[in-house]
Amino acid sequence: GIHTFNGIYSTLYSFPALYDQQPMEDWLNQRHTGIGNVLRAHGWRTLFCTTHDPEFDNMRGFLTSHGFDRVISEDDYPEEWIASTNGVPDHRMFEFAVPELNALAKTGPFLSVFMTTSDHKPYILPDSLWFEPRSTELEDRIVEYADRSVARFFELASKEPWYEKTVFVILGDHGVNMGHTYDMPMSFHHTPLLFHLPGGQVSPGRITAPCGQIDVAPTLLGMLNVPWTNTTMCIDIRQRVRPCMYFCADDRIGCIDGEHYFIHRADGHETLYAYADLSTQDLSTGRPDKVKALRHYAFSMMQ
């Protein structure tokens, strides 16, 4: 999806964005299993951390009803740390969380989720920085700061005994609308996904087949060798390969394979592009077989 709630919901509960619905509000009473409930059933503690208001997008209400023991938010941080409507800067959230994780580690295995927000407007660069930014524009400096905050968290975590036994997952809740090429910009949906295992429990590798946020939880559970019953459309991307991946942006559905990008709009208009070189030539008339295949996959999964 293109909203923060899409990223949280799809990553943690393995269901996709569906048009303009807000699942953490609209589907509060629909019972979701999710990675939090799965791990909690195996004795894990679960924690979600955000920098700002816990009621934004109904995060606290939905998460604590669906597998998370606690949500840490601006309600918990020192008042002087709060810098804007985004709450505290990213590095403050991480600093606050490390002692919390140490306490959790003493009770057994834990799942912690962090949602950073500093590279979301309004951009507030902290007055006191521990590094010298190389960028000059504020938009670039804030991204540099967000990256450095994650690096700082890893530096802090690496000093703790649980670090070598932890799987770290880094991904975006959504991309950035660069405002070019397609009316459903790929840059708004394309996000990084990294699995980092300091202890080396899994061999290094790269996944090149299409996959989505909904596949994060089953892949992580596979790495952890945790048994669970899959009641979603998600897969462990180390074990299976998707022919394509579907996604949604309010009034549009997209589906992408290794070569083509299919877009279906609410008014029924459909297009097909060869996206490798960002071609804007509509290939739908000449490749009805490809349109049919990508539409069928996307529609079947959405239904």
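Higher on the page you've got the structure.
Since the structure is predicted, the reported quantities are computational estimates derived from the model, not experimental observations.

Draft legend 1. How the structure looks around the layout of surface pockets. Quantified by volume, the second largest pocket comes out at close to 1300 Å³. What lines the second largest pocket is a set of 43 residues, among which Thr191, Pro192, Leu193, Ile207 and Cys211 lie closest to the centre. Elements supplying a minimum of two residues to the lining of the second largest pocket: strand E5 (193-196), helix H7 (216-224) and strand E6 (245-248). For the lining of the second largest pocket, a count of residues per class yields 25 nonpolar, 14 polar and four charged.

Draft legend 2. Local environment of the packing of aromatic side chains. Under the criterion given, the structure shown has 22 aromatic pairs. Seen from their ring centres, tyrosine 9 and tryptophan 27 are 5.5 Å apart, and the 65° between their planes marks the pair as edge-to-face. Taken together, the residues tyrosine 9 in helix H1 (residues 4-13) and tryptophan 27 in the loop between helix H2 (23-26) and helix H3 (34-41) connect sequence positions 18 residues apart. Each member of the pair, tyrosine 9 together with tryptophan 27, is buried. Look at phenylalanine 153 and phenylalanine 154: their rings are 5.9 Å apart centre to centre, the planes differ by 70°, and that puts the pair in the edge-to-face class. Considered together, phenylalanine 153 and phenylalanine 154 belong to a single accessibility category, that of buried residues. Over the ring of tryptophan 130 we find arginine 152; its NZ or CZ atom is 4.3 Å from the centre of that ring.

Draft legend 3. Broad picture of the sheet that holds strand E1 (residues 45-50). Spatially, the three strands line up as an open sheet ordered E2-E1-E3, and their pairing is parallel. Of all strands in the sheet, those bounded by a partner on one side alone are strand E2 (70-72) and strand E3 (110-115). Averaged over all pairs of adjacent strands, the angle between strand axes in this sheet comes to 20°, irrespective of strand direction. Where E1 and E2 come together, three bridges link them in parallel fashion. Looking at E2, one finds that leucine 47 is bridged to arginine 70.

Draft legend 4. Helix H8 (residues 288-302), seen in detail. Taking 1.5 Å of rise per residue, 15 residues should cover 21 Å, and H8 covers 21 Å from first to last C-alpha, within 8% of that figure. Of the residues making up H8, those classed as buried are Lys290, Val291, Leu294, Tyr297, Ala298 and Met302. With its buried residues spanning 140° around the axis, H8 presents them on a single face. Pointing more than 90 degrees away from the buried face of H8 are the exposed residues Lys292 and His296. Check the buried side of H8 and you find it contacts E6, strand E7 (252-256), strand E8 (260-265) and strand E9 (270-274).

Draft legend 5. Broad picture of the pattern of salt bridges. Inspection of every chain in the model, using the stated rule, returns 17 salt bridges. Of the charged contacts, one joins glutamate 95 and arginine 152 as a salt bridge, the two residues approaching to 2.6 Å between their closest N and O atoms. With glutamate 95 in helix H5 (residues 90-105) and arginine 152 in helix H6 (residues 138-157), the pair connects residues that are 57 residues apart, well separated along the chain. Residue classification places glutamate 95 among the partly exposed positions, given a relative accessible area of 22%. The salt bridge partner of aspartate 215 is arginine 242, with a shortest N-O separation of 2.7 Å. Here aspartate 215 is found in the loop between E5 and H7, whereas its partner arginine 242 is found in the loop between H7 and E6, with 27 residues between them in sequence. This pair shows no difference in class: aspartate 215 is buried, exactly as arginine 242 is. Each of Asp183, Asp251, Arg252 and Arg265 takes part in one network of salt bridges that share partners.

Draft legend 6. The arrangement of H6 in detail. With 20 residues, H6 should cover 28 Å at 1.5 Å per step; its first-to-last C-alpha distance of 28 Å lies within 8% of that length. Tucked into the core, H6 has its buried residues touching H5, E3, strand E4 (168-171) and E5.

Draft legend 7. Spatial organisation of the sheet that holds E6. Read across the open sheet, the four strands follow the order E6-E7-E8-E9; overall the sheet is antiparallel. This sheet does not close on itself; its edge strands, each paired only once, are E6 and E9. Neighbour to neighbour, the strand axes of the sheet diverge by 15° on average, direction disregarded. In this structure, E8 lies alongside E9, joined through five bridges in antiparallel fashion.

So, how was this worked out
- Residues numbered from 1 in each chain as written.
- Predicted model: local features only at pLDDT ≥ 70, side-chain atom pairs only at ≥ 80, totals over all residues.
- Heavy atoms only, no water.
- 1 Å grid on protein atoms, 1.4 Å probe; cavity = no way out; pocket = protein on both sides within 12 Å on 5 of 7 lines; lining within 4 Å.
- Points joined across faces, edges and corners; volume = space filled by probe spheres on them.
- Helix = DSSP H or I, 4+ residues; strand = E, 2+ residues; numbered from the N terminus.
- Nonpolar A, V, L, I, M, F, W, Y, C, P; charged D, E, K, R; others polar.
- Phe/Tyr/Trp six-rings, centres within 6.5 Å; stacked < 30°, edge-to-face > 60°.
- Buried < 20%, exposed > 50% of the residue type's maximum accessible area, 1.4 Å probe, protein only.
- Lys NZ or Arg CZ within 6 Å of the ring centre and 35° of its normal.
- Pairing = 2+ DSSP bridges.
- Axes fitted to C-alpha atoms, helices over the stretch in contact; angles between N-to-C directions.
- Expected span 1.5 Å × (residues − 1).
- Arc of directions from axis to C-beta.
- Contact = heavy atoms within 4.5 Å.
- Salt bridge = Lys/Arg side-chain N within 4 Å of Asp/Glu carboxyl O.

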